[in-house]
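Single-letter residue listing:
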Amino acid sequence: DINKLYTFLQEIKHGTIVLMASYDDAATKMNDKVRAYFMELGSSHVSNLGFRDNWVFLGAKGLKKMSPFEQ
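Below is a summary of the structure that appears in this document.

Parameters at a glance
Residues numbered from 1 in each chain as written. Predicted model: local features only at pLDDT ≥ 70, side-chain atom pairs only at ≥ 80, totals over all residues. Heavy atoms only, no water. Phe/Tyr/Trp six-rings, centres within 6.5 Å; stacked < 30°, edge-to-face > 60°. Helix = DSSP H or I, 4+ residues; strand = E, 2+ residues; numbered from the N terminus. Buried < 20%, exposed > 50% of the residue type's maximum accessible area, 1.4 Å probe, protein only. Axes fitted to C-alpha atoms, helices over the stretch in contact; angles between N-to-C directions. Left-handed = near helix turned anticlockwise from the far one by under 90°. Contact = heavy atoms within 4.5 Å. Nonpolar A, V, L, I, M, F, W, Y, C, P; charged D, E, K, R; others polar.

## Considerations on the packing of aromatic side chains
Here's step 1: Throughout the structure, instances matching the rule amount to four aromatic pairs.
Here's step 2: A centroid spacing of 6.1 Å and a plane angle of 85° characterise the contact between Phe38 and Phe57, whose relative ring orientation is edge-to-face. Of this pair, Phe38 sits in helix α2 (residues 32-40) while Phe57 sits in strand β2 (residues 55-60), and the two are 19 residues apart along the sequence.
Here's step 3: Ring geometry for Trp55 versus Phe57: centroids 5.7 Å apart, planes at 10°, classification stacked. Grouping residues by exposure puts Trp55 and Phe57 together as buried.
Here's step 4: Here the aromatic cluster, defined as three or more aromatic residues joined through ring pairs, consists of Phe38, Trp55 and Phe57.

What follows is the structure in structure tokens.
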């Protein structure tokens, strides 16, 4: 449920490290609001995810730069 993920992302406190992994098709489930939150956490790939893509991401709330830990 994308709404549960959206609520979870909103409640993350500044300085919290976030680890995200998806093995099958996170892209079609996400909406623009959720993608924007991941970009705020340092993701540079979330807007380019395609159908059935795998995704691994490590970021943090308040990160000033893009995360180097994403594939």
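We are not done yet, so read on.
## A word on unusual backbone geometry
Here's step 1: One non-glycine residue with positive phi stands out, namely Arg52, at about 65°.
Here's step 2: Within the element layout of this structure, Arg52 appears in the loop between α2 and β2.

## Looking at the packing of helix α1 (residues 2-10) against α2
Here's step 1: Look at α1 against α2: their axes get within 10 Å of each other, and the N-to-C directions meet at 35°. With respect to the hand of their crossing, α1 and α2 are arranged in left-handed fashion. In this structure, α1 contributes Ile2, Leu5, Tyr6, Leu9 and Gln10 to the contact, and α2 contributes Lys33, Val34, Tyr37 and Phe38.
Here's step 2: Of the residues in the contact of α1 with α2, the class split is seven nonpolar, one polar and one charged.

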